[in-house]
Amino acid sequence: MCIWRARGITFADGSRPRVMGIVNVTPDSFSDGGRSLALDDAIATAERLVSEGADLLDIGGESSRPGAVEVPVEEEIARVVPVIRALASRLALPISVDTTKPEVARLALEAGAAIINDIRGLDEPDLLALAAESGAGVVLMHMQGTPQTMQVAPHYDDVVREVRDNLARKVERALAAGISLDRIAVDPGIGFGKSFEHNLLLLKYLETFATLGCVLLVGTSRKGFLGKLAGRRTGDQTIASVASALAASAAGARVVRVHDVAATVEAFRVWEGHRGWGVSPS
Ligand code: 7PM
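Right, let's walk through the structure included here. (Residues numbered from 1 in each chain as written. Predicted model: local features only at pLDDT ≥ 70, side-chain atom pairs only at ≥ 80, totals over all residues. Heavy atoms only, no water.)

A word on the overall build of the protein chain
- Broken down by element type, the protein chain carries nine helices and 10 strands.
- By the compact-globule yardstick of 19 Å for 282 residues, the protein chain fits well, its C-alpha radius of gyration being 18 Å.
- Taken along its principal axes, the extent of the C-alpha atoms in the protein chain is 50 × 45 × 45 Å.
- Contacts spanning at least 24 positions in sequence make up 68% of the contacts within the protein chain whose residues lie at least 6 apart. (Helix = DSSP H or I, 4+ residues; strand = E, 2+ residues; numbered from the N terminus. Rg over C-alpha atoms; globule rule 2.2 N^0.38 Å. Contact = heavy atoms within 4.5 Å.)

This is the structure we're talking about:
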């Protein structure tokens, strides 16, 4: 039985899949490059995702897309901390901070975040120690290489075994640091140092990662491999992303990280009808 606890919410095996809504606080998408516009936009997006039925929110100030440039720590703090502070006082649901930097994570937790989502899987000792002492929930993700270089030439002899072994080691490290299993979610890191074929193998054998003793979280939303699968390289990726979230849930994912919360929640409602959550015999 896998449970994921983070201040105020419990994810239990057998319950419906949980929806993590993605909130990016990156001013580069704004024509005037303004930070306060980015903050207002992020807060508005977060509130919309909550009204659409998100169970938790993932707030990130550094793009981890392949080839993305690193954001200085002060800039990342200036992006995410005010957004988390504003949301934590307004919302009851847990907020996760998508960061690899201990300074950002510390201030985010002080501002009310409940979960650290580290695409490096707490490889950095200071971040591991902070996560342990804070009592926060954690996401331990697999990545080969760094966002700057990871898609250049990803290589594995056996991608499923190597990702599983790596995640098992990360879980052992977290346990040794004092983070109990019920605070850990593992994530195979779709798109992080993986070819199209690597991604498909990880998804085909997703059950493998549900046997590590903790909750399985998967993020496929709007990622490049979906466009290739769907036969649509550009344009709306919602249908592909929703189909992928359903398939990941069927294979054991308990949390899906998505942009399109409304569509995903609607699909899960139908899905839940079929799975019988919410009804019992007699
Ligand atoms: C390629 C890689 C394209 C990553 C886009 C992204 C994940 C994450 C991101 C994930 C966890 C995006 C990203 N993806 N954190 N952060 N799992 N735990 O779609 O799959 O926003 S960044």
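Description of the side chain of His198
- Examined against the element boundaries, His198 turns out to sit in helix H6 (residues 196-204).
- Looking at His198, the relative accessible area reads 11%, which means it is buried.
- Not counting residues within four places of it along the chain, the set of residues in contact with His198 comprises Pro154, His155, Tyr156 and Val159. (Buried < 20%, exposed > 50% of the residue type's maximum accessible area, 1.4 Å probe, protein only.)

Considering unusual backbone geometry
- Not every positive phi belongs to a glycine, and Leu122 is a case in point at roughly 60°.
- You can see Leu122 is positioned in the loop between strand S6 (115-118) and helix H4 (125-134).
- According to the relative accessible area criterion, Leu122 is buried, its value standing at 1%.
- A positive phi angle, close to 60°, is found at Arg222, a residue other than glycine.
- Within the secondary structure, Arg222 sits in the loop between strand S9 (215-218) and helix H7 (224-230).

So, the sheet that holds strand S10 (residues 255-258)
- Pairing is parallel around the closed barrel formed by eight strands, whose spatial order is S3-S4-S5-S6-S7-S8-S9-S10. Mean inter-strand twist for the sheet, computed between neighbouring axes without regard to direction, equals 25°.
- Two strands pair when backbone bridges link them, and strand S3 (residues 18-24) and strand S4 (residues 56-60) are joined in this way by five bridges, in the parallel orientation. Directly across from Val23, in S4, lies its bridge partner Ile59. (Pairing = 2+ DSSP bridges. Axes fitted to C-alpha atoms, helices over the stretch in contact; angles between N-to-C directions.)

Quick look at the site of the ligand
- Taken together, 15 residues lie near the ligand, and Ser64, Asn117, Asp187, Phe192 and Lys223 sit nearest.
- Between a nitrogen atom of the ligand and a side-chain N or O atom of Asp187, the distance comes to 2.6 Å.
- Protein chains bury 95% of the 480 Å² of accessible surface belonging to the ligand in isolation.
- Class assignment of the residues belonging to the shell around the ligand gives a composition of six nonpolar, four polar and five charged. (Near = heavy atom within 4 Å. Polar contact = N/O pair within 3.5 Å; in protein donor to acceptor, adjacent residues only side chain to side chain. Areas by Shrake-Rupley, 256 points an atom, 1.4 Å probe, with all protein chains shown as cover. Nonpolar A, V, L, I, M, F, W, Y, C, P; charged D, E, K, R; others polar.)

What about H6?
- All of the buried residues along H6 are Phe196, His198, Asn199, Leu202 and Leu203. Viewed end-on, H6 has its buried residues packed into an arc of 165°, placing them on one side of the element.
- Looking at the packing, one finds that the buried side of H6 touches helix H5 (159-176), S9 and H7. (Arc of directions from axis to C-beta.)

A closer look at the pattern of salt bridges
- According to the stated counting rule, one finds 15 salt bridges in the structure shown.
- The salt bridge partner of Arg79 is Glu75, with a shortest N-O separation of 2.8 Å. Taken together, the positions of Arg79 and Glu75, both in helix H2 (residues 73-90) and four residues apart, correspond to about one turn of that helix. Comparing Arg79 with Glu75, the two get one shared label, buried.
- Through salt bridges with shared partners, a single ionic network connects Arg16, Arg18 and Asp55. (Salt bridge = Lys/Arg side-chain N within 4 Å of Asp/Glu carboxyl O.)

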